[in-house]
Amino acid sequence: MGEKTVIIIGAGLAGLAAGCYAQMNGYDSTILEHHSKPGGVAAAWRRKDYLIDGGIHFIMGYKPGTALYEMFCQLGILPLCELVEIIDYGILIDERSNLRLEIDGNLDNLRRNLVKIAPADEPGIKELLNGVQAMQGIDLSTVGMSKPPELTGIFDGFISLWKMRQVMKYFTGSYNYSIDQWGQQYIESPLLRQVLNRLFLPEAPVWFIMLLLALLANRELAYLGGGCKEFVSLIEQRYLSLGGSISFNSSVDKIIVENDRAAGVQLQDGSEYRADYIISAADGHSTIFQMLDGKYVDKEIVSRFEHWPLCRPLVMVSYGVRREFRNEKPFQMIEIQEPLWEGDRAVSSLMLRIFNYSSRFAPPGKTVIQAEYDSDWEFWHNLYRENRNEYNREKERLAGEILGHLEKYYPGISELVEVVDVATPVTTWRYTGNYRGSWGGWLLTPDNISKTLKRKLPGLRDFYMAGQWVMPGGGVPTSLYSGRHAIQLLCHRDGKKFYGGSYS
Ligand SMILES: Cc1cc2nc3c(=O)[nH]c(=O)nc-3n(C[C@H](O)[C@H](O)[C@H](O)COP(=O)(O)OP(=O)(O)OC[C@H]3O[C@@H](n4cnc5c(N)ncnc54)[C@H](O)[C@@H]3O)c2cc1C
């Protein structure tokens, strides 16, 4: 039995990580989770023979010698998790120009392929790839994440600067523009600009794209062979083996506050639980404005929720297909010629995921193939609220239309489809509570990512936040780290030395 009790709201990656570190540091923790299973947006679900994976595309930093590797081991993810090394990032298909571009992990090939489509832009391409080369071999993925902002001092700042010294210039000036803005300024070819925007998100900083390509070139990106299901289940098992407990279908309605101190929680069924500390690893908006009635905010917090852009919510259509896709790239970004229509909004890009890199998503001879696109919260939320039949019909219509489109690439596929599953932004919101269906909290932009968000709320004691809503841009490493941060703060509060690895 631990010394002090902790309630953690949410069994997403951040909540599970917080739970593991709480147990490792002698706290007696309980996680209360709204859904019937753990994982949050790192979600996977079964449909007949098929495992539909609706989360994590790839992870980074899984090789020994990195800070992340050490954390993955502490959380029970490694060495057990099946990982499939990514050799090339995928293929970009532009139906209008007939472009088929492989995003190769070999930088020489990548440069050659990019120059081929935009010879006049060779200097810009060279500049981008110089940055990528400079970032290879430096473990940058967790710089500045070793401690929460409340415990970060000048000395920690120096350590980060020292680690980044060889690549510092790539984090300043025009490298801190969004890739879209940079492309408009330095790249002539509209096609190449489009390619760069599709490498991740058009709003992501140039340095982030460089970092991503450096990880790819270093072979430090991997698909999850067992999908989110295995990844999450390993952390859950680690947490339970450390003596933690999880209560599912336990949706927190209110955080009980006494004399400006978080003292417990009330669930939607009215039951109450008390603890010495409360950590919310759940959706940021509902934590602050619903569970705490918006009483513990300052201007910055309010303004953030009014003005900061969110990750655009996704529509995700998955098909269980009775055929193999052996030689296909698992990751395909397709610019489509004839747009799909979502209400009066044209959708002109689809991201295709083909789960052919592991046998764990479908039985032999069968495959899950999934199309994703950036969607619109209002559209789906209004349909869901106002006309449930229409909402379901729209899901069906889209699934049919996208399948029709896939016929171009895989003639006869429609006849082989055994399962169709459509998830909308409302699905994300219903199962994880994330504000406006955002899949990663705040959008990754140069502005957002430069901000450090405190884990405590003004005026409220014994309460801490974790998860993607305090780590702008979201992501697996950041969410896991944020859980660790919450426990570092508890240890600091209790004058205890934090146990959880020596890496920084
Ligand atoms: C399709 C997709 C692809 C992605 N790809 C990548 C990738 O390739 N690489 C990468 O690094 N990241 C990726 N991400 C992002 C990453 O998965 C997330 O940022 C991360 O999993 C967020 O974890 P979290 O614990 O912070 O939040 P969440 O997953 O949102 O967890 C919050 C938990 O709190 C629970 N909860 C909410 N409200 C309540 C309540 N009132 N009471 C109790 N419980 C509550 C929710 O049910 C949920 O389980 C992807 C995400 C998606 C959806």
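The preceding data block contains the structure.
Please read all numbers here as calculations on a predicted model, not as lab measurements. (Residues numbered from 1 in each chain as written. Predicted model: local features only at pLDDT ≥ 70, side-chain atom pairs only at ≥ 80, totals over all residues. Heavy atoms only, no water.)

Some points on the overall build of the protein chain
Note the following rule: Under the DSSP-based scheme used, a helix requires at least four consecutive residues in state H or I and a strand at least two consecutive residues in state E, with every element numbered from the N terminus. Radius of gyration: over C-alpha atoms. The globule rule applied is 2.2 Å multiplied by the number of residues raised to the 0.38 power. The buried label goes to any residue with under 20% of its type's maximum accessible area, the exposed label to any with over 50%, and the partly exposed label to all in between, with areas taken from a 1.4 Å probe on protein chains only. Throughout, a residue-residue contact means that at least one pair of heavy atoms, one from each residue, lies within 4.5 Å. The positive count covers Lys and Arg only, the negative count covers Asp and Glu only, and His and the chain ends enter neither. Charged side chains are reduced to one point each, which is NZ for Lys, CZ for Arg, CG for Asp and CD for Glu.
When helices and strands are tallied, the protein chain shows 17 helices and 20 strands. Relative to the 2.2 N^0.38 estimate, which gives 23 Å for 504 residues, the radius of gyration of the protein chain is 23 Å and therefore close to what a compact globule would have. Each of the three principal axes of the protein chain carries a C-alpha extent, and together these read 65 × 55 × 45 Å. Counting across all 504 residues of the protein chain, residues that qualify as buried make up 57%. Taking all contacts inside the protein chain whose residues are at least 6 apart in sequence as the whole, residues at least 24 apart take part in 72%. Charged side chains in the protein chain number 53 positive and 59 negative. The centres of these two groups are separated by 3 Å.

A word on the site of the ligand
Keep this limit in mind: The nearness test applies per residue and asks whether one of its heavy atoms lies within 4 Å of the molecule or strand. By the criterion applied in these results, polar contacts are pairs of N or O atoms within 3.5 Å in which, for protein atoms, one can donate a hydrogen and the other can accept it, and in which residues neighboring in sequence qualify only through two side-chain atoms. All accessible areas in this document rest on Shrake-Rupley with a 1.4 Å probe, and a residue is counted as covered only by the protein chains that are shown. Nonpolar residues are Ala, Val, Leu, Ile, Met, Phe, Trp, Tyr, Cys and Pro. Charged residues are Asp, Glu, Lys and Arg, and all others, Gly as well, are polar.
Taken together, 36 residues sit near the ligand, with Glu33, Asn434, Gln468, Gly475 and Val476 positioned nearest. Backbone polar atom of Gly475 to an oxygen atom of the ligand: 2.8 Å apart, as the coordinates give it. Taking 1,000 Å² as the accessible area of the ligand by itself, protein coverage stands at 94%. At the level of elements, helix H1 (13-24), strand E15 (314-321), helix H15 (425-432) and helix H17 (476-493) are the ones that each hand at least two residues to the shell around the ligand. The leading source of residues in the shell around the ligand is H17, at three residues. In terms of residue class, the shell around the ligand is built from 18 nonpolar, 17 polar and one charged.

Examining H1
The test is simple: Each residue after the first adds 1.5 Å to the expected span of a helix.
With twelve residues, H1 extends 17 Å between its outermost C-alpha atoms, agreeing within 8% with the 16 Å of an ideal straight helix rising 1.5 Å per residue. Among the twelve residues of H1, twelve are classified as buried, and the element is accordingly described as predominantly covered. Every buried residue of H1 is accounted for by Leu13, Ala14, Gly15, Leu16, Ala17, Ala18, Gly19, Cys20, Tyr21, Ala22, Gln23 and Met24. Elements that come into contact with the buried residues of H1 comprise strand E1 (5-9), strand E2 (28-32), helix H2 (67-74), helix H9 (227-241), strand E10 (245-247) and H17. Count one or two residues on from H1 and you reach Gly26, which has phi positive near 85°.

Remarks on the pattern of salt bridges
Two side chains with opposite charge may pair up if their charged atoms get near one another. What counts here: Salt bridge, as applied in this entry: a Lys or Arg side-chain nitrogen positioned within 4 Å of an Asp or Glu carboxyl oxygen.
Counted by the stated rule, this structure contains 33 salt bridges. Within the structure, one salt-bridge network assembled from shared partners comprises Asp49, Arg322, Lys366 and Glu418.

Considerations on the pairing of E15
With respect to burial, E15 is a largely interior element, eight of its eight residues being buried. Alternating positions in E15 separate into two faces, Leu314, Met316, Ser318 and Gly320 on one and Val315, Val317, Tyr319 and Val321 on the other, with burial throughout.

So, the sheet that holds strand E7 (residues 88-94)
Rule in force here: Strands qualify as paired when DSSP identifies two bridges or more between them. Lines fitted to the C-alpha atoms define the axes, with helices restricted to the stretch that makes contact. Angles between their N-to-C directions range from 0 to 180 degrees.
The sheet built from seven strands is open, its strands ordered E8-E7-E16-E17-E18-E15-E19 with mixed pairing. Of all strands in the sheet, those with a lone pairing partner are strand E8 (99-104) and strand E19 (417-423), marking the two edges. Shown here is a sheet whose adjacent strand axes are inclined to one another by a mean of 25°, direction ignored. Bridging between E7 and strand E16 (residues 331-342) involves four bridges; their strand directions are parallel. Within E16, the position partnered with Ile93 by the bridge is Ile334.

Quick word on the packing of aromatic side chains
Note the cut-off: The rule is short: rings of Phe, Tyr and Trp, with Trp giving its six-membered ring, pair when the centres are within 6.5 Å, and they are stacked under 30 degrees, edge-to-face over 60, tilted in between. Whether a charge sits over a ring depends on NZ of Lys or CZ of Arg being within 6 Å of the ring centre and within 35 degrees of the ring normal.
The tally for this structure, following the rule as stated, stands at 29 aromatic pairs. Measuring from ring centre to ring centre gives 6.4 Å for Tyr435 and Trp469, while their planes differ by 65°; the resulting arrangement is edge-to-face. With Tyr435 in the loop between H15 and helix H16 (446-449) and Trp469 in the loop between strand E20 (463-465) and H17, the pair connects residues that are 34 residues apart, well separated along the chain. For Trp469, a relative accessible area of 4% gives the class buried. Aromatic ring contacts, followed pair by pair, group Phe289, Phe305, Trp308, Tyr435, Trp442 and Trp469 into a single cluster. Across from the ring centre of Tyr384, 3.8 Å away, lies the NZ or CZ of Arg388, which sits over that ring. Positioned over the ring face of Tyr21 is Arg484, at 5.8 Å from the centre of the ring.

Examining the packing of helix H12 (residues 377-386) against H15
So the rule is basically this: Orientation categories follow fixed angle ranges, with anything under 35 degrees roughly parallel, anything over 145 roughly antiparallel, 65 to 115 roughly perpendicular, and all other angles oblique.
Running from amino to carboxyl end, H12 crosses H15 at an angle of 70°, the nearest separation of the two axes being 8 Å. As the angle between them shows, H12 and H15 are arranged roughly perpendicular. Contact with H12, carried on its side by Trp377, Trp380, His381 and Tyr384, involves Pro425, Val426, Trp429 and Arg430 of H15 and no other residues of that element. Residues of the contact of H12 with H15, tallied by class, amount to six nonpolar, one polar and one charged.

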